[in-house]
Number of protein chains: 2
Amino acid sequence: MVTPTPLPGQAAPLPKTYGMLLFRGFELLDVYGPLEALSVLAKRTQLDLYMLAETLDPVTTEPLMASMNKFNSSFFPSVNPTHTLANAPEIDVLIVPGGVGTRSPFLNDTIDWIAETYPKVQYLLTVCTGSALVAKSGVLDGRRATTNKASWSSMTLYGPNVEWVPRARWVVDGNIWTSSGISAGIDATMAFIEHLYGADNATEIANLMEYDRHTDPDWDPFSDIWDVPSA
Amino acid sequence: MVTPTPLPGQAAPLPKTYGMLLFRGFELLDVYGPLEALSVLAKRTQLDLYMLAETLDPVTTEPLMASMNKFNSSFFPSVNPTHTLANAPEIDVLIVPGGVGTRSPFLNDTIDWIAETYPKVQYLLTVCTGSALVAKSGVLDGRRATTNKASWSSMTLYGPNVEWVPRARWVVDGNIWTSSGISAGIDATMAFIEHLYGADNATEIANLMEYDRHTDPDWDPFSDIWDVPSA
């Protein structure tokens, strides 16, 4: 049973509805790491999940370009959207994953939708290069944010007006939580759960997942490993 | 570019085809943790993935029984099988995830299929309570194996002839790799990749995932946290 512990002064009710944005070439764990933690939370309090994409067709992890699949692998699960962006229900928390698909030149409708939707949500979470997609929408302008460390130089170009934080597991600026690459999304989501539902719930969820979480947002050995400038 | 480093004496070629077994009520990260690591590997060598279930209908994480969804959440992504069990291609590596669905009394065809398929694969990997499903098939009889620590007592009952290892992140017995709960599947898969493709590839894949992996199969604080007997 969840014992919500809203922070002092928190007026809004706890979020109930989560929307996961999907696009071709998303990164698997960017989507399913956060959803794993939240699905355990959903056994302890009422939550709804919407899987959102431009159309209702299954969304594949297959890159748009064959050059991004050099060895001709066929290793591409697909996921089923529940709603199109045009018909998305109201959502409290929008999650934007990353992946090679964030480099696609065909995501303008999705990027416009992010800009239109952000003012209506309680929280925006991004994982990995998802922050580059959000940066393209202008929503991160003037904000502190982080992104994938192996793709740092190319991704931060998408947000020339963003205050990119080069050494961070995740960054919180107002109601926007951005995380570093791939698995960092799990730690950011666990911290988000702790922020809203308290440390006891976050710890028990991590223990159920047998997950050894990083609780320090500044923990980031990957900045050095990937030679992120100014890290 | 992958530089395969088969172990001395390893006669069989490196595995190419991976089959992920799916059933209603699977646990998200049990499936997508291993698939994340393997999908990064698939960018470095040619791999094929088959998603296998009794039928081609989308497979949901929704539990079979409403009593397993006490707060009436609607937080259940679905995944699309590529083949039925009856029409599955030959696979080199079979992965069996866990989840509440492993308790289902309606999985006899799946369990029979595991028993028939195991002799034909190079490796069998299980995540979390997936080892209980494999135990029901008899394949683990006389083998060392581990499983989810929070559900230890109920799950190990499914394998009275299995030598259950109470303190382990993962256990290797011959060509069978069983891992502990949920996120342990990522560490087991990384160790499996290291075993077949070498430490350099495993390390680079972990760095790309920005994943702080556990490399010691005996690391297991969750045995104590969940009071696993004899741990």
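Keep in mind the model is a prediction, meaning the values are calculated, not measured.

S.K.: Describe the overall build of chain A, naming the residues involved and giving the relevant values.
M.R.: Per the secondary structure count, chain A includes seven helices and 11 strands. Rg of the C-alpha trace for chain A: 17 Å, near the compact-globule value of 17 Å for 231 residues, within the 12% margin. Principal-axis analysis of the C-alpha atoms gives chain A an extent of 50 × 40 × 35 Å. Here chain A holds 231 residues, and 62% of them are scored as buried. Contacts spanning at least 24 positions in sequence make up 73% of the contacts within chain A whose residues lie at least 6 apart. Per element, the accessible surface of chain A, about 8,700 Å² overall, is 52% carbon and sulfur. Once the 14 positive and 26 negative side-chain charges of chain A are each reduced to a mean point, those two points are 2 Å apart.

S.K.: For helix H5 (residues 184–197) of chain A, give the residues involved together with the corresponding values.
M.R.: Residue and element names in this part refer to chain A. The end-to-end C-alpha distance of H5 is 20 Å, a good match for the 20 Å that 14 residues give at a rise of 1.5 Å each. The buried fraction of H5 is high, at 12 of 14 residues. Residues of H5 that are buried: Ala184, Gly185, Ile186, Asp187, Ala188, Thr189, Met190, Ala191, Phe192, Ile193, Leu196 and Tyr197. Immediately downstream of H5, the backbone of Gly198 shows phi near 95°, a positive value.

S.K.: Now, about the interface of chain B and chain A: what can you tell me, with residues and values included?
M.R.: Listed as interface residues are 54 residues of chain B and, on the opposing side, 54 residues of chain A. Here chain B and chain A share an interface that buries about 4,600 Å² over both sides, 59% of which is from carbon and sulfur atoms. The largest per-residue losses of area from chain B upon contact with chain A belong to Phe71(B), Phe75(B) and Glu210(B), which jointly make up 20% of the total buried on that side. Across the chain B-chain A interface, the total number found is zero salt bridges. The interface formed by chain B and chain A includes 37 residue pairs in polar contact (both at pLDDT 80 or more). The set of elements that each furnish at least two residues to the side of chain B that touches chain A consists of helix H1 (28–41), strand S2 (48–53), strand S4 (78–79), helix H6 (199–208) and helix H7 (222–225) of chain B. When residues in the side of chain B that touches chain A are grouped by element, the largest group, nine residues, is from H1(B). Looking at the side of chain B that touches chain A residue by residue, the class counts come to 29 nonpolar, 16 polar and nine charged.

S.K.: Break down the UniProt feature "domain: DJ-1/PfpI" (unreviewed entry) in chain A for me, with residues and values.
M.R.: Residues annotated by UniProt as "domain: DJ-1/PfpI" (unreviewed entry) correspond here to residues 20–194 of chain A. Across residues 20–194 of chain A, the secondary structure splits into 27% helix and 19% strand, with the terminal C-alpha atoms separated by 20 Å.

S.K.: Please provide a residue-by-residue account of the pairing of strand S7 (residues 123–126) of chain A, values included.
M.R.: All names here are of chain A. Here S7 shows two buried faces, one formed by Tyr123 and Leu125 and the other by Leu124 and Thr126. Handedness of the crossover joining strand S6 (residues 93–96) and S7 through helix H2 (residues 108–117): right-handed. Inspection of the sheet shows S7 paired to strand S11 (residues 176–179) by three bridges, in the parallel sense. Each residue of the ladder has a partner; that of Thr126, found in S11, is Thr178.

S.K.: Account for the relation of the copies chain B and chain A, with residues named and values stated.
M.R.: Of the transformation superimposing chain B on chain A, the axial component is 0.0 Å and the angular component is 180°, with the fit at an RMSD of 0.0 Å. Such a turn and shift between the copies fits a two-fold axis. It is Val79(B) whose C-alpha, among those of chain B, lies nearest the rotation axis, at 2.7 Å. Comparing interface residues between copies, 100% of those in chain B also sit at the interface in chain A, which points to an isologous, same-surface contact.

S.K.: Can you tell me about the sheet that holds strand S10 (residues 170–173) of chain A, naming the residues and giving the values?
M.R.: Residues and elements named next belong to chain A. Read from one edge to the other, the open sheet built from seven strands follows the order S5-S2-S1-S6-S7-S11-S10, with strand pairing classed as mixed. Only two strands of the sheet have a single neighbouring strand rather than two, namely strand S5 (83–84) and S10. With two bridges joining them, strand S2 (residues 48–53) and S5 adopt parallel strand pairing. Bridge pairing links Ala53 to Thr84 in S5. The sheet contacts of H5 involve strand S1 (17–21), S6, S7, S10 and S11, and relative to S11 the element is tilted by about 150°.

S.K.: Quick one: what's the story with the sheet that holds strand S6 (residues 93–96) of chain B, residue by residue and with numbers?
M.R.: All names here are of chain B. Reading across from one edge, S5-S2-S1-S6-S7-S11-S10 is the order of the seven strands in this open sheet, with mixed pairing throughout. Strand pairing shows two members of the sheet lacking a second neighbour, strand S5 (83–84) and strand S10 (170–173), which therefore form its edges. As paired strands, strand S1 (residues 17–21) and S2 are joined by five bridges and run parallel to one another. Bridge assignment links Gly19 to a residue of S2, and that residue is Tyr50. Here helix H2 (residues 108–117) sits on the sheet in contact with S1, S2 and S6, set at roughly 155° to S1. Helix H5 (residues 184–197) rests against S1, S6, strand S7 (123–126), S10 and strand S11 (176–179) of the sheet, and its axis sits at about 150° to S11.

S.K.: Please set out the nonpolar core residue by residue, giving values where relevant.
M.R.: One finds Tyr18(A), Met209(A), Tyr18(B) and Met209(B) to be the most contacted residues of the largest nonpolar core, which totals 140 residues. Discounting residues that sit within four places of it in the chain, Tyr18(A) has contacts with Leu38(A), Leu47(A), Asp48(A), Leu49(A), Tyr50(A), Ile91(A), Val93(A), Ile95(A), Phe192(A), Tyr197(A) and Phe75(B).

S.K.: Pulling in residues and values, what's your account of the packing of aromatic side chains?
M.R.: Using the criterion set out here, one finds 11 aromatic pairs over all chains in the structure. Residues Phe75(A) and Tyr18(B) carry aromatic rings whose centres are separated by 6.1 Å and whose planes lie at 75° to one another, so their mutual orientation is edge-to-face. Linking Phe75(A) in the loop between strand S3 (59–60) and strand S4 (78–79) with Tyr18(B) in strand S1, this pair reaches from one chain into another. With a relative accessible area of 2%, Phe75(A) lands in the buried category. Centroid distance Tyr123(B) to Phe192(B): 5.0 Å. Interplanar angle 85°. Geometry classified as edge-to-face. With a gap of 69 residues between them, Tyr123(B) in strand S7 and Phe192(B) in helix H5 connect regions that are remote in the sequence. Tyr123(B) sits in the buried class, given a relative accessible area of 10%.

S.K.: How would you summarise unusual backbone geometry if you had to cite specific residues and measurements?
M.R.: Even without being a glycine, Asp227(A) presents a positive backbone phi close to 50°. Note on placement: Asp227(A) falls in the segment after helix H7 (222–225).

S.K.: So, H2(A): which residues are in play, and what are the values?
M.R.: Residues and elements named next belong to chain A. Turning to H2, its buried residues are Thr110, Ile111, Trp113, Ile114 and Thr117. For H2, the arc enclosing every buried residue in end-on projection is 160°, short of the 170-degree limit, so these residues lie on one face. Summarising the geometry of H2, the exposed residues directed more than 90 degrees from the buried face are Asp109 and Glu116. Structurally, H2 contributes buried residues whose contacts are with S1, S2, S6 and helix H3 (130–136).

Definitions and limits used
Residues numbered from 1 in each chain as written. Chains lettered and ligands numbered in written order. Predicted model: local features only at pLDDT ≥ 70, side-chain atom pairs only at ≥ 80, totals over all residues. Heavy atoms only, no water. Helix = DSSP H or I, 4+ residues; strand = E, 2+ residues; numbered from the N terminus. Rg over C-alpha atoms; globule rule 2.2 N^0.38 Å. Buried < 20%, exposed > 50% of the residue type's maximum accessible area, 1.4 Å probe, protein only. Contact = heavy atoms within 4.5 Å. Areas by Shrake-Rupley, 256 points an atom, 1.4 Å probe, with all protein chains shown as cover. Lys, Arg positive; Asp, Glu negative; His and termini not counted. Charge placed at Lys NZ, Arg CZ, Asp CG, Glu CD. Expected span 1.5 Å × (residues − 1). Buried area = accessible area lost by both parts, 1.4 Å probe. Salt bridge = Lys/Arg side-chain N within 4 Å of Asp/Glu carboxyl O. Polar contact = N/O pair within 3.5 Å; in protein donor to acceptor, adjacent residues only side chain to side chain. Nonpolar A, V, L, I, M, F, W, Y, C, P; charged D, E, K, R; others polar. UniProt positions renumbered as here; feature names shortened; annotations may be inferred. Right-handed = clockwise from strand over helix to strand, strands pointing away. Pairing = 2+ DSSP bridges. Least-squares fit on C-alpha atoms with pLDDT ≥ 70 in both. Axes fitted to C-alpha atoms, helices over the stretch in contact; angles between N-to-C directions. Core = buried A, V, L, I, M, F, W, Y, C linked by side-chain atoms within 4.5 Å. Phe/Tyr/Trp six-rings, centres within 6.5 Å; stacked < 30°, edge-to-face > 60°. Arc of directions from axis to C-beta.

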